[in-house]
Amino acid sequence: MPIYYKKVTSNDVNLIEKGNKSFTFGIKRKITNNRSNGSSDGLELNRIYTPTTRSADNRSQSQSLIGEQTTGRSQSFSIESSRLKFKDLDDDYDERIITKYGSLVVTKLDAISNGSSSSSSSTGTANNKPVILTYHDIGLNSSSNFESFFSLSENRLLLESFRVYHITAPGQEFNADDLPYNYVYPTMDQLAEQIHDVCKHYAIQSFIGFGYGAGANVLSRFALNCPDMVEGLFLIHPSATASTWTEWIYQKLNVRQLLNGGQQIVNDSCLPQSVQNYLMWHLFGDTEFPDRVTDDEAVDMYRRYFGGQFINKRNLGLFIDAYIGRSALDITRDDKQRNFRCSVAVICGQNSAHVDESVKMNSRLLPSDSTWIKLSDASMVLEEQPHKVAETFRLFLQGLGYTLKAYRKKRALMMGMSMPCLASSRLSLYGGSAGGPSTGGHSSAAFPVIHEI
């Protein structure tokens, strides 16, 4: 069941506080209660999901709605700030898309600047925005993987200039019903083909890929098959190789428990403890390593997430089984024709269990079109080092030729620059002047087109 939004009132908060089960993703991770000022419209909430128990009736009802737009649910909340207002779900915020390999949920983020004459509320202006398309890792979905990151203030500014589409793999949304037992889960290549159906549905001509873990692998496959549709790839903890024997054995044991049940399951709707431990290691590495810096709040949040009733264990088993059955990406550094034709940034955390895989991925990329970055004191980089990732992503967009007006305005206010002076200066690649690059090794002919957005 996807997450929805509506205007929040004091009565809604009272209902939330009386609930037995709730889970919050976002920066604050708590309800900010401003009822003391006497205003019911001053409540600021991050996205909140209140799980419900799945039943056979709900499952059959949900399966009858496959392919229809998902609207009209009661548990829906809003994200608001003083500057930005996200679209309500009545305006096609979340949607279930039918593809040739089954249906999936797509979440669209498109910020509207309040009180601005150049608001993106008009359809034409919004459709002209460049697109960022994300894909999540195993054990997560678009909300649990990306929501905190895109809720950062600097990324809310980013939404003034970009449309963001979060793709959730089939059956991985919150409180999802069991996929039909005769449903054949897509392979990694077929998951990549589903992206083409999503782009066709939203008339997306090209996009910038933002992938994490398994999602990075899916986006990589799509970029190799449809190079003209991908402007750049921002990949966190990607893998270019097939699964190792160690990974295959551990994951096969997890898949067996998820699909068939296991003795370690205390509650039938919860993940087995061994699966929870593996997913925590997958995201955070070895948290018991001596002298390691760990974000205890993030670790505790995801531990409660995996221990709760938020994930359909059978659907997760199918997704993991597809991931460990992946083939190696058919790319080598020596073959330019079969490599990526776009810029690629490979990001990894210093404490991650996937550093070696990211190094292997980088070793197959063309040096002229790729960058490898390791962030210190982090494993789950979107939670432990979100501001560093945001800055890296902004510079990556700048390297693609996108000069972000929102950032330039903010910088102008901080530096006391006048807007006419700011308008006459153009940011180029790598922080250089408009006339050419400031670093050696790059010719002006290789520069991308500068996009003012």
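Everything quoted here is computed from the prediction, not taken from an experiment.

### Re the nonpolar core
Here is a general trend for soluble globular proteins: nonpolar side chains tend to be buried in one another's company. Formed by 97 residues in total, the largest nonpolar core has its most connected members in Ile195, Phe207, Tyr302 and Phe306. The element contributing the most residues to this core is helix 11 (residues 313–324), with seven residues. Beyond its immediate sequence surroundings of up to four residues, isoleucine 195 is in contact with Leu133, Tyr135, Ile167, Phe207, Val218, Leu219 and Phe222.

### Considering the packing of aromatic side chains
Here the structure, examined in full by the defined rule, presents 24 aromatic pairs. Ring geometry for tryptophan 245 versus tryptophan 248: centroids 6.0 Å apart, planes at 75°, classification edge-to-face. Placement of both tryptophan 245 and tryptophan 248 in helix 8 (residues 245–260) is noted, with a separation of three residues, approximately one turn of the helix. Residue class for tryptophan 248 comes out partly exposed when judged on its relative accessible area of 34%. Ring geometry for tyrosine 305 versus phenylalanine 310: centroids 5.8 Å apart, planes at 25°, classification stacked. No difference in accessibility class separates tyrosine 305 from phenylalanine 310, as the two residues are buried. Each member of the aromatic cluster is reached from another via a ring pair, and the members are Phe146, Phe149, Phe150, Phe210, Phe234, Phe393 and Phe396. Of note, arginine 314 hangs over the ring of tyrosine 181, and the distance from its end group to the ring centre comes to 4.0 Å. Above the plane of the ring of tyrosine 323 lies arginine 326, whose end atom (NZ or CZ) is 4.2 Å from the centre.

Cut-offs and rules
- Residues numbered from 1 in each chain as written.
- Predicted model: local features only at pLDDT ≥ 70, side-chain atom pairs only at ≥ 80, totals over all residues.
- Heavy atoms only, no water.
- Core = buried A, V, L, I, M, F, W, Y, C linked by side-chain atoms within 4.5 Å.
- Buried < 20%, exposed > 50% of the residue type's maximum accessible area, 1.4 Å probe, protein only.
- Helix = DSSP H or I, 4+ residues; strand = E, 2+ residues; numbered from the N terminus.
- Contact = heavy atoms within 4.5 Å.
- Phe/Tyr/Trp six-rings, centres within 6.5 Å; stacked < 30°, edge-to-face > 60°.
- Lys NZ or Arg CZ within 6 Å of the ring centre and 35° of its normal.

These figures capture arrangement, not role.
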